[in-house]
Amino acid sequence: MTTETSGNDSGVAGASAGAEVRWFGGRFWGVSESIVGSLTPRIGGETEIQTVECVRNAQDGQANDSEPDYEGLPQGASTCTHMLAGAVAGIMEHCLMFPIDCVKTRMQSLQPEPAARYKNVMDALHRIVATEGVWRPMRGLNATAVGAGPAHALYFACYEKLKKTLSDVIHPGANSHLANGTAGCVATLLHDAIMNPAEVVKQRMQMYNSPYRGVLDCTRAVWQKEGPSAFYRSYTTQLTMNVPFQALHFMTYEYLQELLNPHRQYNPSSHMLSGALAGAIAAAATTPLDVCKTLLNTQESVALGSHNKGAHRHISGLAHAFRTVYRLGGLRGFFKGVQARVIYQMPSTAISWSVYEFFKYGLTKHERNKRRAQHVET
């Protein structure tokens with residue numbers, strides 16, 4: 001898309017072109033800046049062109065006022081910016097990858113029915129759509145979307161705040177892997193506290209022959225039959241899995257950013273690649289705990305009937321889940337669905353980091369330009 005401008009508007013055109021960010025060869029920022037700009041109040045009394053001209057003139061008048069690295073500015077990104085960018089990233093991550101998440105849940109079933117035994121991820125997707133309908137892999141999506149927004153908002157805001165605070169204490173003026181890992185672990189506590197009930201509902205609706213008509217029906221049935229504690233039965237297991245997962249995830253991501261993007265500039269390709277590799281490594285390492293979490297969330301009827309013999313109505317606790325997985329599947333049982341989990345996590349974390357960094361960059365830049373324009377006006 002091209003824009004015709006007269007000679008008098010060349011400054012405006014140059015500023016607009018300079019504000020665009022190329023997203024894998026596409027001029028993506030020109031469209032998205034209108035969205036980012038609408039998320040924060042505009043400066044009254046001036047038109048958009050006048051604001052751009054003021055910013056341009058201020059930049060031209062200061063030879064040493066180069067565009068600073070947004071991650072290097074302590075005041076550059078507020079907590080609200082981190083929360084908003086995190087919420088958008090979380091919702092997009094879970095929604096785009098939800099069909100693969102459905103397959104992962106199915107493939108982690110300990111003793112699936114014959115119709116629900118799949119060779120691989122693509123075979124599972126094809127058979128689910130062919131036999132159960134095109135929308136079947138999306139059941140439970142609304143529960144995940146509702147939980148993912150606030151969960152990821154707190155997750156990224158807490159991570160950014162703690163990472164900065166701990167890095168200043170542990171390794172002032174430089175990046176600290178210990179601070180990154182610790183911040184990721186603490187952020188997980190808040191994330192999982194919000195996300196765990198949504199995970200219970202989502203995974204029960206993803207199972208083969210799920211008896212629930214919808215999210216509300218599932219929530220009501222679980223509450224009435226098993227009580228409110230059922231929504232947090234897997235919380236300790238979730239934390240046991242996610243704490244090492246997020247420690248590995250954040251430490252790997254930050255380490256890869258040091259290698260691929262040492263100046264910490266906005267670089268979509270480095271954010272995406274670092275996120276994908278970090279997610280894959282962390283996902284593979286924590287698959288056994290994810291299998292136990294799925295069992296605790298779904299309370300798979302076959303597993304309950306095979307080895308509990310009526311002694312326990314429910315599988316409760318990490319130790320109980322570990323014993324059940326081992327009895328039904330041996331050591332291999334702990335790695336059921338590992339392929340689907342890695343395939344899910346690689347694009348999932350890549351999407352999450354690239355969307356988060358994009359909105360974080362956009363919101364921060366918009367706020368910085370507003371402050372500069374206000375300074376020029378005064």
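Bear in mind that the values here come from a model prediction, so they are computed numbers and not experimental data.

## Focus: the overall build of the protein
Okay, step 1: Along its length, the protein carries 15 helices and two strands.
Okay, step 2: When each of the 378 residues of the protein is scored for burial, the buried share is 50%.
Okay, step 3: The long-range share in the protein, meaning contacts at least 24 apart out of those at least 6 apart in sequence, stands at 78%.
Okay, step 4: Put simply, the protein shows about 18000 Å² of open surface, and 61% of that area lies on carbon and sulfur atoms.

## Regarding helix α5 (residues 98-107)
Every α-helix winds through 3.6 residues per turn, so residues three or four apart in the chain are directed the same way.
Okay, step 1: Of all ten residues in α5, ten are buried; the element is thus mostly enclosed.
Okay, step 2: Against α4 (79-96), α6 (121-132), α7 (141-170), α8 (177-206), α12 (287-298) and α15 (338-377) lie the buried residues of α5.

## With respect to the pattern of salt bridges
One side chain can pair with another of opposite charge once the charged atoms of both are near each other.
Okay, step 1: Applying the stated criterion to the full structure yields 20 salt bridges.
Okay, step 2: Glu199 is the partner of Lys202 in a salt bridge, and the nearest nitrogen-oxygen pair spans 2.9 Å. Placement of the pair is Lys202 and Glu199 together in helix α8, with a separation of three residues, close to one helical turn.
Okay, step 3: The buried category is assigned to Glu199, whose relative accessible area is 7%.

## Here we look at the packing of aromatic side chains
Okay, step 1: Here the structure, examined in full by the defined rule, presents 15 aromatic pairs.
Okay, step 2: Summarising the aromatic geometry, the rings of Tyr155 and Phe250 are spaced 5.6 Å apart at their centres and angled 45° between planes, so their arrangement reads as tilted. With Tyr155 in helix α7 and Phe250 in helix α10 (residues 235-260), the pair connects residues that are 95 residues apart, well separated along the chain. The pair Tyr155 / Phe250 is uniform in exposure class, with both members buried.
Okay, step 3: Between Tyr159 and Phe250, the aromatic rings sit 3.9 Å apart at their centres with planes inclined by 15°, giving stacked as the arrangement. One end of the pair, Tyr159, is in helix α7; the other, Phe250, is in helix α10, and 91 residues separate them in sequence.

## Re the confidence of the model for the protein
It should be kept in mind that the predicted coordinates are not to be read in detail where pLDDT is low.
Okay, step 1: Overall, the predicted model of the protein reaches an average pLDDT of 79, with 76% of residues at or above 70.
Okay, step 2: When the elements of the protein are averaged for pLDDT, helix α1 (residues 10-19) gives the smallest value, 39, and helix α11 (residues 268-285) the largest, 94.
Okay, step 3: Segment residues 1-75 is flagged for pLDDT under 50; beyond a separation of four residues in sequence, or across chains, it makes 89 contacts in the model.

## Section: the side chain of Asn180
Okay, step 1: Within the secondary structure, Asn180 sits in helix α8.
Okay, step 2: On the basis of relative accessibility, which here comes to 0%, the residue Asn180 falls in the buried class.

## Focus on the environment of Lys360
Okay, step 1: Along the chain, the position of Lys360 falls in helix α15.
Okay, step 2: When the C-alpha positions of Lys360 and His82 are compared, they lie 6.4 Å apart, and in sequence the two are 278 residues distant.

## Observations concerning the packing of α5 against α15
Between two packed helices, both the angle of their axes relative to each other and the distance between the axes serve to describe the pair.
Okay, step 1: Two elements in contact, α5 and α15, have axes separated by 8 Å at closest approach and are oriented at 160°. Compared by their axis directions, α5 and α15 come out roughly antiparallel. Handedness of the α5/α15 crossing: left-handed. Between α5 and α15, the contacting residues are Ile100, Asp101, Val103, Lys104 and Met107 on the first element and Ala340, Arg341, Ile343 and Tyr344 on the second.
Okay, step 2: Looking at the contact of α5 with α15 residue by residue, the class counts come to six nonpolar, no polar and three charged.

## What about the nonpolar core?
Okay, step 1: By size, the foremost hydrophobic cluster in this structure holds 31 residues, and its most contacted members are Val103 and Trp353.
Okay, step 2: Sorting the residues of this core by element identifies α4, α5, α6, α7, α8, α10 and α15 as the ones contributing at least two each.
Okay, step 3: At nine residues, α15 tops the list of elements feeding residues into this core.
Okay, step 4: Once residues lying within four places of it in the same chain are set aside, the contact partners of Val103 are Val121, Ala124, Leu125, Ile128 and Ala340.

## Digging into α4
Okay, step 1: Spanning 18 residues, α4 covers 26 Å between terminal C-alpha atoms, matching the ideal 26 Å at 1.5 Å per step.
Okay, step 2: Looking only at α4, the buried set comprises Thr81, His82, Ala85, Gly86, Ala87, Ala89, Gly90, Glu93 and His94.
Okay, step 3: On its buried face, α4 is in contact with α5, α7, α8 and α15.

Reading the values: the criteria
Residues numbered from 1 in each chain as written. Predicted model: local features only at pLDDT ≥ 70, side-chain atom pairs only at ≥ 80, totals over all residues. Heavy atoms only, no water. Helix = DSSP H or I, 4+ residues; strand = E, 2+ residues; numbered from the N terminus. Buried < 20%, exposed > 50% of the residue type's maximum accessible area, 1.4 Å probe, protein only. Contact = heavy atoms within 4.5 Å. Areas by Shrake-Rupley, 256 points an atom, 1.4 Å probe, with all protein chains shown as cover. Salt bridge = Lys/Arg side-chain N within 4 Å of Asp/Glu carboxyl O. Phe/Tyr/Trp six-rings, centres within 6.5 Å; stacked < 30°, edge-to-face > 60°. pLDDT = per-residue confidence, 0-100. Axes fitted to C-alpha atoms, helices over the stretch in contact; angles between N-to-C directions. Parallel < 35°, antiparallel > 145°, perpendicular 65-115°, else oblique. Left-handed = near helix turned anticlockwise from the far one by under 90°. Nonpolar A, V, L, I, M, F, W, Y, C, P; charged D, E, K, R; others polar. Core = buried A, V, L, I, M, F, W, Y, C linked by side-chain atoms within 4.5 Å. Expected span 1.5 Å × (residues − 1).

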